[in-house]
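Examining the three-dimensional arrangement
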Amino acid sequence: MKATLTVVAWVLSLATLLVPCAVFAQSRVERVVTATADARDVATVGDRTYVATEGGLLVLRGPTVERTLGPTDGLPGARLRAVSVVDGDLWVGAVEGTARVAIEDGELRVIQTFEPRRVRRVVRFGDSLWLASHGGGLYRLRGDSVERVPLGDANAYVRLTDLLVHDGELWVATHGVGILRLGADGSVRSRIREGDGLPSAYVWRLAAHDGRVVATTIDGIAVFGSGGVERQHPWTATARRLPVRDVRAIAWSDDALWLGTYGSGLHRAPLDGGRPRRVGSDDAVYAVADTSAGLLVAHAGGV
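My aim in this report is to walk through the structure given alongside it, one point at a time.

1. Topic: the overall build of the protein chain
The helix and strand tally for the protein chain stands at one helix and 31 strands. A burial count over the protein chain gives 55% of its 303 residues as buried. Of the roughly 12300 Å² that the protein chain leaves accessible, carbon and sulfur atoms contribute 45%.

Written out as structure tokens, the structure reads:
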């Protein structure tokens, strides 16, 4: 990764497809690519980036938009919430259902669709694929068989927002009951709540970096090391200094920590802590990803 990153804000507008406007390097806007509306998630495979939007799956190669995949191509719907990469395939979570998309010589082909709706993340753990749905709970896929895995009785146990495989466990982020850590059989081994170091039980993202797990929540972030929560970690202190602490996205570059918020946009801070500085003018950031074209920022639209 170059020392100086290019931060590419992908601005989404249904009315303007493939209209290059302005991108920003470090904290200065240089170019913005407009595409379909409301980007929610980003994944990369090779030199291509895939963006889940309200208007379908956007395919980018560098700063160039190659195509948009939608219902006419086999997706269950156009209102996408997430895109995951598992075993070389894309898993696209839409409001209407989930699709497995094969990548063959750079071309995309929908090869399976599944009933679970609003899937936020798909991962491989043990001998199964696991799907986290916001509203449907946790699902386990073995072959073509999808089974629901019960986690608890409260409604929050079906409002899942992310999955992460770490240190032999499946970490499950929820919107209301914190984080669950599961074994390969789907049983809950432990729970992480506000009293255990989470700033909020409403968790958005789970990310692994430098041997640690970072959870983003509606009230800041928590950093977990091998010994448990690191309450005095500099990244946690940085998040507490955000003007809006509803952190929806996190990423790292060679020299910076990037935090995307819902309400005050994207912020950059030194890796060793310090005051976060706002980058760009978009307010609602949903995902941030380090790609060959720079740091891509998926947000609600507008610059």
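Alright, that's what it looks like, and here's the rest.
2. Notes on the sheet that holds strand E19 (residues 169-174)
Taking strand neighbours across the sheet as the criterion, the four strands line up as E18-E19-E20-E21 in an open arrangement whose pairing is antiparallel. Each end of this open sheet is capped by a strand with a single partner; those strands are strand E18 (160-166) and strand E21 (188-192). Along the sheet, successive strands turn relative to each other by an average axial angle of 20°, direction set aside. Pairing between strand E20 (residues 179-182) and E21: four bridges, direction antiparallel. When the bridges of E21 are listed, Leu180 appears paired with Arg191.

3. Section: the nonpolar core
Counting 16 residues, the largest nonpolar core has Trp130, Leu138, Leu151, Leu163, Leu170, Val172 and Leu182 as its most contacted members. Sorting the residues of this core by element identifies strand E14 (119-125), strand E15 (128-133), E18, E19 and E20 as the ones contributing at least two each.

4. Observations concerning the environment of Thr174
Looking at the secondary structure, you find Thr174 in strand E19. With 29 residues separating them along the chain, Thr174 and Val203 place their C-alpha atoms 5.7 Å apart. Excluding anything up to four places from it in sequence, Thr174 contacts Ala156, Arg159, Leu160, Thr161, Leu180, Ala201, Tyr202 and Val203. Of the polar contacts made by the side chain of Thr174, one reaches the backbone nitrogen of Val177; its length is 3.0 Å.

5. Considering the sheet that holds strand E24 (residues 220-225)
Strand order in this open sheet of four strands is E22-E23-E24-E25, and the pairing throughout is antiparallel. Looking at strand neighbours, the two that pair on one side only are strand E22 (203-209) and strand E25 (228-229), the edges of this open sheet. The pairing of E22 with strand E23 (residues 212-217) spans six bridges and is classified as antiparallel. Across the sheet, Arg205 pairs through a bridge with Thr216, a residue of E23.

6. Side note on unusual backbone geometry
With a phi angle near 55°, Asp87 is a residue other than glycine that sits in the positive phi range. Within the secondary structure layout, Asp87 lies in the loop between strand E10 (80-86) and strand E11 (89-94). Asp87 gets classed as exposed once you look at its relative accessible area, which sits at 55%. Not every positive phi belongs to a glycine, and Asp167 is a case in point at roughly 55°. Structurally, Asp167 is set in the loop between E18 and E19. Using a relative accessible area of 70% as the deciding quantity, one classes Asp167 as exposed.

Cut-offs and rules
Residues numbered from 1 in each chain as written. Predicted model: local features only at pLDDT ≥ 70, side-chain atom pairs only at ≥ 80, totals over all residues. Heavy atoms only, no water. Helix = DSSP H or I, 4+ residues; strand = E, 2+ residues; numbered from the N terminus. Buried < 20%, exposed > 50% of the residue type's maximum accessible area, 1.4 Å probe, protein only. Areas by Shrake-Rupley, 256 points an atom, 1.4 Å probe, with all protein chains shown as cover. Pairing = 2+ DSSP bridges. Axes fitted to C-alpha atoms, helices over the stretch in contact; angles between N-to-C directions. Core = buried A, V, L, I, M, F, W, Y, C linked by side-chain atoms within 4.5 Å. Contact = heavy atoms within 4.5 Å. Polar contact = N/O pair within 3.5 Å; in protein donor to acceptor, adjacent residues only side chain to side chain.

By themselves, these figures tell us nothing about what the structure is for.
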